[in-house]
Amino acid sequence: MVSKRVISDVFNKVSEKYDIFLDLVTLGLINRWQKTLISMLSEEGNRLDIGTGTGEVLVKSNNRGLKVGIDLAKGMLIKAKKKCKECYFVLADAENLPFKEGSFNTITLSLVYRHLLNKEAFLSEANRVLKPGGQIGILDLSKSKMTYPLFILFKYILKPLGVLLFGPDKWEFFVHSIENSLSKEELARETKKFGFELVDYKESFFGLVMFAVFKKPS
Ligand SMILES: C[S@@+](CC[C@H](N)C(=O)[O-])C[C@H]1O[C@@H](n2cnc3c(N)ncnc32)[C@H](O)[C@@H]1O
């Protein structure tokens, strides 16, 4: 069963090769996707990047306040700090954020939302630490007619490369995480329960990748 311990173990183990692998499997498009997400968000104030990994969203971010990243995997944060000296990185759980009410103007999640085990706990925390009118920007796989072909690609075609780079257990984790992707409607329904309104939405790469921005009421 997937637990937070498993998630941090997986990402600690892959941290050294993570950037190269992500570039390979997205044909380098991850950089463009992260820039698209950032362009949809306000540049005002402090930004919190959840599941920051090696910190790429913060490296590319142009917000005018603090840049803070959290992650469960210390190995990822060590890589991130080397890339972004002016950023702050904290080993923490998205479902229990160690920040005061109203600390941030924007929250970003790049390829993270579908990994969260308790999305409701995260959304409640996001609501607490965001300022009124603050935004959550999500970049993730979208559940679409392309999800099944992608699942097959990871499960069979990319499997030899994945197993070679990460080992069989960790590769299985990635394959199964594809199944957790959400549609626009499911995501909007989940976030609405916590008062967030979907204010912007785009898709890319044949509908496989989505960019969604949610706003906390002012
Ligand atoms: C696929 S990586 C994405 C990394 C980075 N955001 C990117 O776009 O490359 C997912 C990251 O989310 C982190 N993560 C998963 N669940 C988390 C949680 N509950 N709290 C904090 N980080 C979490 C993992 O440790 C991992 O580093």
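This structure is a prediction, so every number in the text was calculated from the model and none was measured. (Residues numbered from 1 in each chain as written. Predicted model: local features only at pLDDT ≥ 70, side-chain atom pairs only at ≥ 80, totals over all residues. Heavy atoms only, no water.)

S.K.: Please set out a nonpolar patch on the surface residue by residue, giving values where relevant.
M.R.: On the surface, Val-2, Val-6 and Leu-117 cluster together into a nonpolar patch covering about 210 Å² of accessible area. Relative to the helices and strands, Leu-117 is located in the loop between β4 (104-110) and α6 (119-129). (Patch = residues over 30% accessible without salt bridge, like charges linked within 9 Å, V, L, I, M, F, W, Y side chains within 5 Å. Areas by Shrake-Rupley, 256 points an atom, 1.4 Å probe, with all protein chains shown as cover. Salt bridge = Lys/Arg side-chain N within 4 Å of Asp/Glu carboxyl O. Helix = DSSP H or I, 4+ residues; strand = E, 2+ residues; numbered from the N terminus.)

S.K.: An account of unusual backbone geometry is requested, with residue identities and associated values reported.
M.R.: Of note in the backbone geometry, Leu-27 takes a positive phi value of approximately 55 degrees without being a glycine. Residue position: Leu-27 is located in the loop between α2 (18-25) and α3 (29-39). On the basis of relative accessible area, Leu-27 is assigned to the exposed category, the value being 67%. Here Leu-111, not a glycine, exhibits a phi torsion of approximately 60 degrees, which is positive. For Leu-111, the position within the fold is in the loop between β4 and α6. (Buried < 20%, exposed > 50% of the residue type's maximum accessible area, 1.4 Å probe, protein only.)

S.K.: So, the nonpolar core: which residues are in play, and what are the values?
M.R.: By size, the foremost hydrophobic cluster in this structure holds 32 residues, and its most contacted members are Phe-11, Trp-171 and Phe-174. Secondary structure elements with two or more residues in this core: α1 (4-14), α2, α3, β5 (130-141), α7 (147-157), α9 (168-178) and β7 (209-215). Sequence-distant contacts of Trp-171, that is, excluding residues within four places in its chain, are made with Phe-21, Phe-154, Leu-158, Lys-159, Gly-162, Val-163 and Phe-166. The next biggest cluster of nonpolar side chains, apart from the first, holds 28 residues, and it includes Phe-104, Leu-109, Tyr-113 and Val-129. (Core = buried A, V, L, I, M, F, W, Y, C linked by side-chain atoms within 4.5 Å. Contact = heavy atoms within 4.5 Å.)

S.K.: Lay out the sheet that holds β7 in plain terms, naming residues and giving numbers.
M.R.: Taken together, 7 strands build an open sheet; the order of strands is β3-β2-β1-β4-β5-β7-β6 and the sheet is mixed. Both edges of this open sheet fall to β3 (88-91) and β6 (197-204), since each of them pairs with a single strand only. Along the sheet, successive strands turn relative to each other by an average axial angle of 15 degrees, direction set aside. Sheet analysis places strand β1 (residues 47-50) next to strand β2 (residues 67-71), joined by 4 bridges and oriented parallel. Bridging across to β2, Ile-50 finds its partner in Ile-70. Here helix α5 (residues 74-83) sits on the sheet in contact with β2 and β3, set at roughly 170 degrees to β3. Along the sheet, α6 makes contact with β1, β4 and β5, crossing β5 at roughly 140 degrees. (Pairing = 2+ DSSP bridges. Axes fitted to C-alpha atoms, helices over the stretch in contact; angles between N-to-C directions.)

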